[in-house]
Structures are given as structure tokens and as C-alpha cells.
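Fold and contact review
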Amino acid sequence: MSAAGGLVKTAGAIVTAPVRLLARLLDAPLSALQRLGGTNGMAAFFLLPNMAIFGVFVLFPLVVNIVYSTTGGTALFLANRNFVGAAQYQRLFSCDSYLDPKSCSEDLFWTAVWNTVAFVSVQVVLMVVVALITALVLNRDLRARSFWRAVFFFPVLLSPVVVGLIWRWILQRQGLANLGLYEMGFAPINWLVERNWAFAASVGVSVWAHVGFYALILLAGLQAIPKDLYEAAEMDGTRPARVFWRITLPLLMPNLLVVLVLVLIRAVQIFDEVYVLTGGGPGTATLYLTQYIYEVGFASALRNPGLASAASILMGLVLIVLTLFQLGIVRRNASKGQS
Amino acid sequence: MKIRTAFAAITAALMASTAAQAGDVRLMWYSDGVEGEVIKDLIDRFNKDNPDIKVILDDVGYKVVQEQLPVELEAGRGPDIARVTNLKTLADHWLDLTPHIADAEYWKTNFGDQFDWMRPDGSDIIPGFMTQLTLTGGFANKTLFEQAGVELPGPDATWDDWVEAAGKVQDSQQLNAAFVVDRSGHRISAPIVSYGGNYIGPDRLPAPIDDGVKTFATKLVDWTEAGRMNKETWVSAAGTTYRPGIDDFINAQVAYYYSGSWQIAALSSKIGTNFDWVATGSPCGTAGCSGLPGGAALVGIKYTKNAEDVGKVMDYLASEEIVREFTERTLFLPAHKGVAAGAIDFKTEDANVKGALDVFVKATGNVIETANALPAWSWATPVYGVLVTRISQVMAGEMSIDDAFVRMDEDIKALVEAAK
């Protein structure tokens, strides 16, 4: 045996010795545990650490939030808060017509709800379409393809606050966008003061910031499509549009569905970059549900944690529905793959 | 033996660091102008002269003081000392410094007039001191007025006079807007009071929205619709978000800016010699020409574990010599009676600054009683928030001004209900 081989063997022994010792020490209690609880009991035992973390950081806050939503007052500690039952929910739902926020006692909540619905409707469609087009382009045999992929992915790495600030500097009255318009001989636009422009800006900036992530998922899906299908189509003289509809889109559908649901969930939660960009204005044109909850629970001079909790529970219910929808899709795709 | 020595050294080091922590005093500070640098210098000197106490200065953004500090305080935590503007609403969290300071009479004599602004109603604690007094007021771009050939309105000019004059400057100099008021309920409360408004009901709870609020809010909305007030400052935000208009004034995009005395240092350092500016005091309404007093206070926090050290730090910062130096270097109006009574040598070469400070000192004589009562009223900040939210919605075209007044009353009623 060479000197190097001997050294490796010694090093291996040094590493494995304590592991063996530990295994020997644990053998007796683990064997006893398995005899007592069976295989399922052992599985539960190993899951305990994760369950504890999940319980402390997810389940417990969720339960506390539900309890908060049944209390009133401005105090933060539960012990100092008075039980009000469903009063906070009643306040949120006290409307003559849910379609008209002005008829609701909590008009800003319903304004935020309908703004969020409008945002989700537009942003999700736009995000999926732009992500698909981006992935299709980046999948082509471009010159400097890696560079272009990086260009589209870099905004994903930016903090949402940075994204909001950058675009605020671009879109404010004396920002770069208006300078560009002015140089081209057009009248400047008050992007962040006109309702429709501000809404469009909130959607556009959100798409710009996150499209790289979803394009990446779709790109992975595109690269998994067997090349020979395209070669066969080419030999048959199939038109590119037909190739897209008959080959690319059906085979990309699992990725597309996952992207759709992820975009949907994130769109409902929109807050950070839009909060920095528009502050929820003009007026309340870009006041979305998460900002409403933040304002009521944290930013106003007299905080109302109960009302904010009730609103967040309602939003959580919507997200649970969307998550179940996503799980359903994933399961259906998995079972299709097996059959 | 070596291991034992190393272990002993580590233990000694740990014990030493624990001892140092026992004397730590965390001071949460935010800055409007240059006062961050000044306080850092003052604290460095204190630390040097008092090796047994270590003051750690946490220089944070104003938003942190406004939004995060209250949550920490509710949880029974926080820094040992903090510089705050939300004085009355959070009054229950301030430490009574009386047993921890060297001479309570000195504090009462020199800072006593403002103690009610920052202590719970009916209490006689000494919670801290005002680092500066402020007064809301206006600033005019003198150079733009001169270039437009428009006379600066005199000391008794009304809000209408100022808007009309600034409007002429706007038209002549092709400005984006004639004037701007910070997006803040505190700022618009001065003109509201000048138009006879009063928020405080006979039971110390918020009174219904009155004619003073209606008059000035309607004017503000009309001026914004007419393109006289800069729309972006008020409209491009929702809720109670604060937006200052100072950048528009500094960039000479407006002829007139309504904010307050605390902006003097920032205006001086950022405008420099680009143009001449003057402070104007507060324009008049039908009930007076009042500004709104206020300021930032340095308060001890009830949850400190180093109350004695906090008292020593506060004694140092509140001493006449240090308050005078702080005042002269930050260009703030002092709250210390002794300092205010003597000559103050403001450290500036800028002639605009000295003139502005004189104007604000003079304007303190115009403050009417309803304005003076607001800093010591615990509902002031919540009411300010309601006004800003609803007036912005009117400016954005989301509701009529009359609907907004109805909503303001409902919002205030809901706040009172929620606080029960």
C-alpha cells in the first residue's frame, strides 16, 4: 500500500470511528422506540423537529391571528384585548352592496379587495404570456444566449424595495420616462398621479421584476421537450405556428399550470414594490389588500390588530383555495405521468 | 495548563463584556437635517467623559420611529431613550425621570411648559424634554418672486393672497405648481385652526368635523384641481403615508412651500446659493394667522433596565450648555427657557437662515389657543391621519368633498370605538 493510500485509510478511520460510536449508542434506544411505536411511530419521531418548527413559526401564529380577529381595542397583548366575537368580520362585511365599496362601512377594505381582483386579473394573464414569450425567445439559438438569460433573470435578484424605488425615479413627474417623452416632443405624463397609468405601472413593474423567475421554469419545461418531435415536424413541413400549438404548448402545459398558480398566489399577496412605487395611490387606485392590512394593523396612529387580523384571515382563505388548486394540478399531472 | 489559561482568559473577557452591557444605554434617533451629526458628536464626548456608561446611538429612519418603535413599546421592549414626535399617544410608555435626574426643579423650570405634551393626562411625571420646538410655517422662493415681478405678500396676507401671488409666479415662470403643502395632517391643521377649526370636543374626545376643516379642505382641493397645489405630493399615496414637498421647493418647482421651522437647516444645506428664500410665518384665515407648535422630544423608555444611567445621559443632554450647542449647530428653536432667553449664536453663514429663524420666533406670538392645545391632545395624530386619507381621495377624484366629510366623521367614530 502506498503512503497516500495509507493516509486516506487513516483519515477514513478517524471520520468513521465517532459515527460508529454514535450509531452504537443510539442503537438501543432507537430499537426500543421501534418496538414500541412500530415503523409509523419512528417516522413520526423523525418528523418531530420539523413539526415543532412548523408549529412554532406557522401554526401558532395562525391560531393567534384567528384569536386576534375575535378581539377589539388597540392593545397588542392578547391579555389586554377584549373579546368581541365576530364583530370585526361583521364590520368588514357591513355593506349594502359588495360591488360598491362606498356602501360598506369599511370602504377601504372593499376598495382594496376590488383593486386586488383587478390587479390579479390583469397581472396574471400578462405575466404568464410575457414569461412564455420570454422563455420561447431565450430557448432559441440566440447569439450570447446566456447573457440574455441573465438579463431577464437579474431583476428577480433585486429587493422589491429597490425595484419600487428604481421605477419611482423613472416614473415620477421629473423622472426619466418623462424626460424621454419630452425629448421626443411628447407632453409629459403624470404616471403616478393618473389612476389608469398608476395601475398600469403597478402591473408592469411587478411583471418586470418577476418575469425572469417564471420564464426560467418555462425554459426548463421547453428544454425537456424531446428534440426529435421538432425534427419530425420540420421534416413534415409543419408551419411554426402549428408546431407551437400542437407540440410545444401541450407538452409545456404542466409547467405552464404550475407557473399560472404560482403567479396567481403571488399576485394576491402583492405589496412591497407597489407600496414603494405608488404608496397605494393615486387616491386608493393601487391600494391592494396586503397594504390595507398593513395600514390598519401597523401604520395608522391607532392600530387595529383585530380588524387587520380578520382581513388577513379572509385573504388567507383565498390563498388556501388557490394552494389546493395548485396541489390538485400537481397531483393530476403526477397521475397522468404514471399512467 | 495552556488550555486552562485560555479558558480563564475567555471567561474574563466574557465577564468584562457583560459588565459593559450593564452600563449600555441605547438611544434611538432620527434626523430631519444635520442633527444626526451633532448628536453623534455630543454622545462621543459623553462616552469619553463617562467610561462606565456606554451610549449606543441607533440612527434610524423616521418611519422606524413612527411604525416599529410603537410595536416594540407595546411588547414592553425598546431602546432606553428615543427621539419621538408621537408624544401623547405613546405617553404611557415613557419613563418618569424624576428619581433618576440630578435636579428635577431645573427640568421643570426650563422644559416644564411642554411636559403635558408628552405625559399621560393628569400625570406629573418628567418624561423627557423637547430637543427643539417647531412651528409650522411657509417658505417662499424670493428669487422666483423677483424674477416674476410679483411682490411677496405681507405678514397679514391670507392663504388666498399667498396662493394668488404664488400662482402669478407659477404662470410667469412656468412652474409645475404654485405651492405645495407636505402630505401631513399635522401640516394642514395649522390653516384649519386659522379658519376657526377645532378638533377637541368638550369631553376631550374628537369633535365632529366643523366649518374650519370644511373651509380649508375645500380650498386645498380646489387649489389642487386648479393646478395651483402640486398634485403629486398629496395624490400619489394612499392612507396616512407622509410625503414631504421639500424637494419641489429645493428644485425651484414651486414658489411657496408650507412645512415648518425644522426644515430650515435642510433648506440651507440643500439650496445653498442657488436662490434666495425667506420664511413667511403662517398665512391668515378668518380666525387668525396661526402655525401649529410641536417638535421632537427625547424621552426615557419605561422598560429600560438602566434607569440610573438613562437619567445621567438625559441630564447631560438637557444641560443648558449642551442644549445651547445643539440649538446653535442644528438651527432649531430651543425649548429650553434659559437658552431661549439668552443670545443664541446660530452657526451658519447663510443670511436666509437667520432671517427665517427670526420670522419663526416672531410667529410663535401668533399661535392661537386651539393650536396650542393640539400637541397635548392624545387624539391629534389619529385625527390627522383621517383628514389626510379622505382629502387625498377627493383630490384623486374618488369621492366628493361632502362625502369625504361624512366619511371623516365615520372614521373618527370608528377609531374611538376601536380604542375602547
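Residues numbered from 1 in each chain as written. Chains lettered and ligands numbered in written order. Predicted model: local features only at pLDDT ≥ 70, side-chain atom pairs only at ≥ 80, totals over all residues. Heavy atoms only, no water.

**Concerning the overall build of chain B**
When helices and strands are tallied, chain B shows 19 helices and 8 strands. For the C-alpha atoms alone, the extent of chain B along its principal axes is close to 85 × 50 × 45 Å. When each of the 420 residues of chain B is scored for burial, the buried share is 57%. A separation of at least 24 residues holds for 75% of the contacts in chain B among residues at least 6 apart in sequence. Here chain B displays about 17,000 Å² of accessible surface, and carbon together with sulfur accounts for 52% of that area. The average position of the 37 basic charges and that of the 58 acidic charges among the side chains of chain B differ by 5 Å. (Helix = DSSP H or I, 4+ residues; strand = E, 2+ residues; numbered from the N terminus. Buried < 20%, exposed > 50% of the residue type's maximum accessible area, 1.4 Å probe, protein only. Contact = heavy atoms within 4.5 Å. Areas by Shrake-Rupley, 256 points an atom, 1.4 Å probe, with all protein chains shown as cover. Lys, Arg positive; Asp, Glu negative; His and termini not counted. Charge placed at Lys NZ, Arg CZ, Asp CG, Glu CD.)

**Notes on the interface of chain B and chain A**
Counting residues at the interface gives 39 residues for chain B and 41 residues for chain A. Carbon and sulfur atoms supply 48% of the area buried between chain B and chain A, which totals about 3,000 Å² over both sides. With a shortest N-O distance of 3.3 Å, Glu232(B) and Arg173(A) are connected by a salt bridge. Taken together, the connections running from chain B to chain A amount to 19 residue pairs in polar contact (both at pLDDT 80 or more). Of all the elements in the fold, those that place two or more residues in the side of chain B that touches chain A are helix 3 (62–74), helix 10 (231–235), helix 18 (380–395) and helix 19 (401–418) of chain B. Partitioned by chemical class, the residues of the side of chain B that touches chain A number 14 nonpolar, 14 polar and 11 charged. (Buried area = accessible area lost by both parts, 1.4 Å probe. Salt bridge = Lys/Arg side-chain N within 4 Å of Asp/Glu carboxyl O. Polar contact = N/O pair within 3.5 Å; in protein donor to acceptor, adjacent residues only side chain to side chain. Nonpolar A, V, L, I, M, F, W, Y, C, P; charged D, E, K, R; others polar.)

**Structural notes on the state of the cysteines**
By definition, a disulfide links the sulfur atoms of two cysteines through a covalent bond. Residue and element names in this part refer to chain A. Here the structure, examined in full by the defined rule, presents 2 disulfides over all chains. Shown here is the disulfide that connects Cys95 with Cys104, its sulfur atoms set 1.9 Å apart. Residues Cys95 and Cys104 are joined by a disulfide whose S-S torsion is about 110 degrees; by sign, that bridge is right-handed. For Cys95, a relative accessible area of 17% puts it in the buried group. (Disulfide = S-S within 2.5 Å.)

**Thoughts on unusual backbone geometry**
Here the residue pair Gly281(A) and Pro282(A) is connected by a cis peptide bond, since its omega of 0 degrees sits within 30 degrees of zero. Mapping Pro282(A) onto the fold places it in the loop between helix 10 (272–278) and helix 11 (289–299). Non-glycine residue Ala144(A) carries a positive phi angle of around 55 degrees. Along the polypeptide, Ala144(A) turns up in the loop between helix 3 (107–138) and helix 4 (145–157). With phi around 55 degrees, Ala252(B) is a residue other than glycine that occupies positive phi space. Tracing the chain through its elements places Ala252(B) in the loop between helix 11 (246–250) and strand 6 (256–260).

**Re the confidence of the model for chain A**
With 97% of its residues at a pLDDT of 70 or more, chain A shows a mean pLDDT of 90. Confidence, read as mean pLDDT per element, is least for helix 12 (residues 305–338) of chain A in chain A (84) and greatest for helix 3 of chain A (96). (pLDDT = per-residue confidence, 0-100.)

**Focus on the nonpolar core**
Across soluble globular proteins, you tend to see nonpolar side chains buried next to one another. If you look at the biggest cluster of nonpolar residues, it comprises 87 residues, and the most contacted ones within it are Phe179(B), Leu220(B), Trp277(B) and Leu387(B). Per-element accounting of this core gives the leading share, 9 residues, to helix 18 of chain B. Apart from the residues lying within four places of it in its own chain, the contact partners of Phe179(B) are Trp159(B), Val163(B), Leu220(B), Trp223(B), Arg228(B), Met229(B), Asn230(B), Val254(B) and Tyr256(B). Membership of the second largest hydrophobic core comes to 58 residues, among which are Val120(A), Ala267(A), Ile270(A) and Leu287(A). (Core = buried A, V, L, I, M, F, W, Y, C linked by side-chain atoms within 4.5 Å.)

**Points about the environment of Pro188(A)**
All names here are of chain A. Inspection of the secondary structure assignment puts Pro188 in the loop between helix 6 (176–183) and helix 7 (195–223). Along the sequence, Pro188 and Ala177 sit 11 residues apart, while their C-alpha atoms lie 8.3 Å from each other. Residues in contact with Pro188, not counting those within four places in the same chain, are Asn178 and Leu181.

**What about a nonpolar patch on the surface?**
All names here are of chain A. On the surface, a cluster of nonpolar side chains totalling about 970 Å² of accessible area is made up of Ile53, Phe54, Val56, Phe57, Val58, Leu59, Leu62, Val63, Ile66, Val67 and Leu78. Looking at the element boundaries, Leu59 is found in helix 1 (residues 3–68). Judged by its relative accessible area of 43%, Leu59 falls in the partly exposed class. (Patch = residues over 30% accessible without salt bridge, like charges linked within 9 Å, V, L, I, M, F, W, Y side chains within 5 Å.)

**Focus: the pattern of salt bridges**
Pairing between side chains of opposite charge can happen when the charged atoms of each approach one another. Residues and elements named next belong to chain B. Taken as a whole, this structure holds 28 salt bridges over all chains when the rule is applied. When the shortest N-O distance is used, the salt bridge between Asp160 and Lys219 registers 2.9 Å. Separated by 59 residues along the polypeptide, Asp160 in helix 7 (residues 159–173) and Lys219 in helix 9 (residues 211–225) bring together distant segments of the chain. Since its relative accessible area comes to 35%, Asp160 is described here as partly exposed. Of the residues examined, Lys219 reaches a relative accessible area of 19% and is grouped as buried.

**Structural notes on the packing of helix 11 of chain A against helix 3 of chain B**
Between helix 11 of chain A and helix 3 of chain B, the shortest axis-to-axis distance is 10 Å and the interhelical angle comes to 70 degrees. Classified by the angle their axes make, helix 11 of chain A and helix 3 of chain B are roughly perpendicular. Facing helix 11 of chain A, whose interface residues are Tyr294(A), Phe298(A) and Ala299(A), helix 3 of chain B presents Lys63(B), Glu67(B) and Val71(B). Residue composition of the contact of helix 11 of chain A with helix 3 of chain B, grouped by class: 4 nonpolar, no polar and 2 charged. (Axes fitted to C-alpha atoms, helices over the stretch in contact; angles between N-to-C directions. Parallel < 35°, antiparallel > 145°, perpendicular 65-115°, else oblique.)

**Some thoughts on the side chain of Thr116(A)**
Residues and elements named next belong to chain A. Mapped onto the secondary structure, Thr116 falls in helix 3. For Thr116, the side chain forms a polar contact with the main-chain nitrogen of Leu289, separated by 3.0 Å. Apart from residues lying up to four places away in sequence, Thr116 is in contact with Val268, Tyr288 and Leu289.

**Considerations on the packing of aromatic side chains**
Residues and elements named next belong to chain B. A complete count under the given rule lists 37 aromatic pairs over all chains for this structure. Look at Trp159 and Trp223: their rings are 6.4 Å apart centre to centre, the planes differ by 25 degrees, and that puts the pair in the stacked class. Taken together, the residues Trp159 in helix 7 and Trp223 in helix 9 connect sequence positions 64 residues apart. Between the NZ or CZ atom of Arg83 and the centre of the ring of Trp29, over which it lies, the distance is 4.5 Å. The positively charged end of Arg83 is found above the aromatic ring belonging to Tyr30, 4.7 Å away from the centroid. (Phe/Tyr/Trp six-rings, centres within 6.5 Å; stacked < 30°, edge-to-face > 60°. Lys NZ or Arg CZ within 6 Å of the ring centre and 35° of its normal.)

**Some details on the pairing of strand 1 (residues 24–29) of chain B**
All names here are of chain B. Of all 6 residues that make up strand 1, 5 are buried, and the element is covered over most of its length. Judged from the 6 bridges that link them, strand 1 and strand 2 (residues 54–59) form a sheet pairing that is parallel. Bridge assignment links Leu27 to a residue of strand 2, and that residue is Leu57. You can see the chain leave strand 1, run along helix 2 (residues 35–49) and come back into strand 2, and the turn it takes is right-handed. Relative to strand 3 (residues 81–84), strand 1 is paired through 2 bridges, and the arrangement is parallel. Its bridge partner lying in strand 3, Met28 is registered against Ala82. (Pairing = 2+ DSSP bridges. Right-handed = clockwise from strand over helix to strand, strands pointing away.)

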